[in-house]
Amino acid sequence: MNDPKANQTRRIADTMLIVLFVVAISVPFADMVFRFDTTPSAEQRTMSPAPTFALNVDALKQLPKQIKDWMGDHFGLRHFMIHQHGLIMARWIGVSSTTQVVMGKQDPSASQPLAGQWLYYAMGNTNNYALHRKPMSEEQLEIWRRILTRRRDWLRERGARYIFVIAPNSQSIYPEFLPDSMQGVSQRTRTDDLIEYIRKTTDIEMIDLRQALLEAKKVKPEERLFMRTDTHWNDLGSFRAYEYLMQKLKVHYSSLKPLKMNQFEIVKQTTQGGDLAGLLGGRDLFLEDRIDMVPRAPFELRVARERHMEAKVRAFAPDPDGIRLVMFRDSFGDAMMSYLAEHCSKSYFQWTDRFHEDAIVQEKPNMVITQMIERLLWRDVKEDEWMVPVGR
């Protein structure tokens, strides 16, 4: 027996469900037109460009993929949905929303719970690296030896000293905050493999900055040297690394006068999270107890910066007899640039993991430093990577 009232209620419910469905599928497309989603992007990469249309076979073959990539990167409400996904997974459930980040433990010394969450970078097999699941092969060790030896000999012929510097992963300095699943494994890494082999088979100067930071952590455990929500060390960590590097350089340049900690003011503040929080869905998902070092007096430098993200930086100091430095570095070298440049008559810093002949020819240094974060040692190198020739 039909109940008119029940039928009317069902029709209303069905109509509302249809309306909600239409709204749900329409809002993302409306956002693609009007762009009312103001959620900041959490993705630290360049988004796919708009498809290009051309009446030739090759272009038409590429068009479906271009459309797919563009739609995937520019779909309406994408940033909002990524942020909400990160909020639910990382903040509410307590698990990572991406394979790029490992959720570590809480640090009880933090200013507040949201600032105490340790995050670790997992992109590029960093965690397999930390667990030593892929030791460096004899073949790779020998290729590294030949690469570094060729660089050293080539520079020596031009009157320059070569130093290879390895900066640590946060896992290497603060393994105690890794999740329990990563505790109790072998502490030996590919960094150990390489340093041991190079020191045993050559006289190349290789500086392991893990030693500096582990010693600083042991002496002053209250001094946190890495950011909890960012892949990088903080200003204290970079300064301790600089101090250790200067100790090594004074063997060759006895007149060097390293900067002192009392020349800086330590500024502590709690801000939104760092790049790893961003990878989870938004920097506002967690907080960061920042530790910044502000010079009490300005550095006496003239600085020229070139290209996007300061890929090339030149600095000129007042000391005409100082070191002429070329440093090939990654983002970990950012904070050390101004410290090192104080001791140079001229310094040139290039963001790259390669060794560029044109920089050496143009700058005419008497010291060249390659600084590399240890996670880059995960990948296998090739023989021809010893140098990027002029013009390439």
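Residues numbered from 1 in each chain as written. Predicted model: local features only at pLDDT ≥ 70, side-chain atom pairs only at ≥ 80, totals over all residues. Heavy atoms only, no water.

Asker: Explain the packing of helix α5 (residues 138-156) against helix α7 (residues 190-201) here, please?
Answerer: Between two packed helices, what matters for the description is the angle formed by their axes and the separation of those axes. Contact geometry of α5 with α7 gives a least axis separation of 10 Å together with a crossing angle of 55°. Put simply, α5 runs oblique to α7. The handedness of the crossing between α5 and α7 is right-handed. Between α5 and α7, the contacting residues are Glu138, Leu141, Glu142, Trp144, Arg145 and Leu148 on the first element and Asp193, Leu194, Tyr197, Ile198 and Thr201 on the second. Residue classes in the contact of α5 with α7 are distributed as six nonpolar, one polar and four charged. (Axes fitted to C-alpha atoms, helices over the stretch in contact; angles between N-to-C directions. Helix = DSSP H or I, 4+ residues; strand = E, 2+ residues; numbered from the N terminus. Parallel < 35°, antiparallel > 145°, perpendicular 65-115°, else oblique. Left-handed = near helix turned anticlockwise from the far one by under 90°. Contact = heavy atoms within 4.5 Å. Nonpolar A, V, L, I, M, F, W, Y, C, P; charged D, E, K, R; others polar.)

Asker: Where do I start with the pairing of strand β11 (residues 367-373) in this structure?
Answerer: The two faces of the sheet receive side chains in turn, since in a regular strand these alternate between them. The buried fraction of β11 is high, at seven of seven residues. Judged by which residues are buried, β11 turns out to be covered on both faces: Met367, Ile369, Gln371 and Ile373 on one side and Val368, Thr370 and Met372 on the other are all buried. With seven bridges joining them, strand β3 (residues 161-167) and β11 adopt parallel strand pairing. Within β11, the position partnered with isoleucine 163 by the bridge is isoleucine 369. Both strand β9 (residues 323-329) and β11 contribute to a ladder of four bridges, which runs parallel. Counterpart to valine 326 in the pairing with β11 is valine 368. (Buried < 20%, exposed > 50% of the residue type's maximum accessible area, 1.4 Å probe, protein only. Pairing = 2+ DSSP bridges.)

Asker: What's the story with a nonpolar patch on the surface in this structure? I'm lost.
Answerer: The grouping of Ile18, Phe21, Val22 and Ile25 at the surface amounts to a nonpolar patch, some 380 Å² of accessible area in total. Within the secondary structure, valine 22 sits in helix α1 (residues 4-34). On the basis of relative accessible area, valine 22 is assigned to the partly exposed category, the value being 41%. (Patch = residues over 30% accessible without salt bridge, like charges linked within 9 Å, V, L, I, M, F, W, Y side chains within 5 Å. Areas by Shrake-Rupley, 256 points an atom, 1.4 Å probe, with all protein chains shown as cover. Salt bridge = Lys/Arg side-chain N within 4 Å of Asp/Glu carboxyl O.)

Asker: How should I be thinking about the pattern of salt bridges in this particular structure?
Answerer: Once the charged atoms of two side chains with opposite charge are near each other, the side chains can pair. For the coordinates displayed, the defined rule picks out 26 salt bridges. Ionic pairing is found between arginine 240 and glutamate 223, a salt bridge with its closest N-O pair at 3.1 Å. Within this pair, whereas arginine 240 is found in helix α9 (residues 235-249), its partner glutamate 223 is found in the loop between α8 (209-219) and α9, the two being separated by 17 residues in sequence. One salt bridge in this structure joins arginine 354 and aspartate 353, with 3.4 Å as the shortest N-O distance. Under the relative-accessibility criterion, arginine 354 is labelled partly exposed at 31%. Classification of aspartate 353 by relative accessible area gives partly exposed; the value is 32%.

Asker: I'm lost on the nonpolar core in this one. Help?
Answerer: Considering soluble globular proteins, one finds that nonpolar side chains tend to be buried as a cluster. The biggest cluster of nonpolar side chains holds 50 residues, and the ones touching the most others in it are Trp233 and Leu325. No other element matches α9, which puts eight residues into this core. With residues up to four places along the chain from it excluded, the contact list for leucine 325 reads Leu340, Cys344, Lys346, Ser347, Tyr348, Phe349, Pro365, Met367 and Ile369. (Core = buried A, V, L, I, M, F, W, Y, C linked by side-chain atoms within 4.5 Å.)

Asker: Please clarify how the environment of leucine 77 should be interpreted in this entry.
Answerer: Tracing the backbone through its elements, the reader meets leucine 77 in the loop between α2 (57-74) and α3 (78-93). For the pair leucine 77 and aspartate 31, spaced 46 residues apart in the sequence, the C-alpha separation amounts to 6.4 Å. Contact partners of leucine 77, with chain neighbours within four places excluded, come to Val27, Pro28, Asp31, Phe36 and Asp37.

Asker: Help me understand α2 in this model?
Answerer: Taking 1.5 Å per residue, 18 residues should reach 26 Å; α2 reaches 26 Å between its end C-alpha atoms and fits that length. Along α2, the largest kink reaches about 35° and is centred on leucine 63; proline proline 64 follows within four residues of it. By the burial criterion, the buried members of α2 are Ala59, Leu63 and Asp73. For α2, the elements touching its buried residues are α3. Its side-chain oxygen at 3.3 Å from the backbone nitrogen of aspartate 58, asparagine 56 defines the N-terminal cap of α2. (Expected span 1.5 Å × (residues − 1). Bend = angle between axes of the 7 residues up to and from the residue. Polar contact = N/O pair within 3.5 Å; in protein donor to acceptor, adjacent residues only side chain to side chain.)

Asker: Looking at this structure, I do not really get the packing of α8 against α9. What am I missing?
Answerer: The geometry of α8 relative to α9 is characterised by a closest axis approach of 9 Å and an angle of 120° between their N-to-C directions. By the angle between their axes, α8 is oblique relative to α9. Helix-helix and strand crossings are classified by hand; for α8 and α9 the assignment is right-handed. The residues of α9 that touch α8, namely those facing Leu209, Gln211, Ala212, Leu213 and Ala216, are Gly237, Arg240, Ala241 and Tyr244. A breakdown of the residues in the contact of α8 with α9 according to their chemical character gives six nonpolar, two polar and one charged.

Asker: What's the story with the pairing of strand β4 (residues 205-208) in this structure? I'm lost.
Answerer: The two faces of β4 match: Glu205 and Ile207 on one face and Met206 and Asp208 on the other face are all buried. As defined by bridge partners, β3 adjoins β4 across four bridges and the pair is classed as parallel. Looking at β4, one finds that isoleucine 163 is bridged to glutamate 205.

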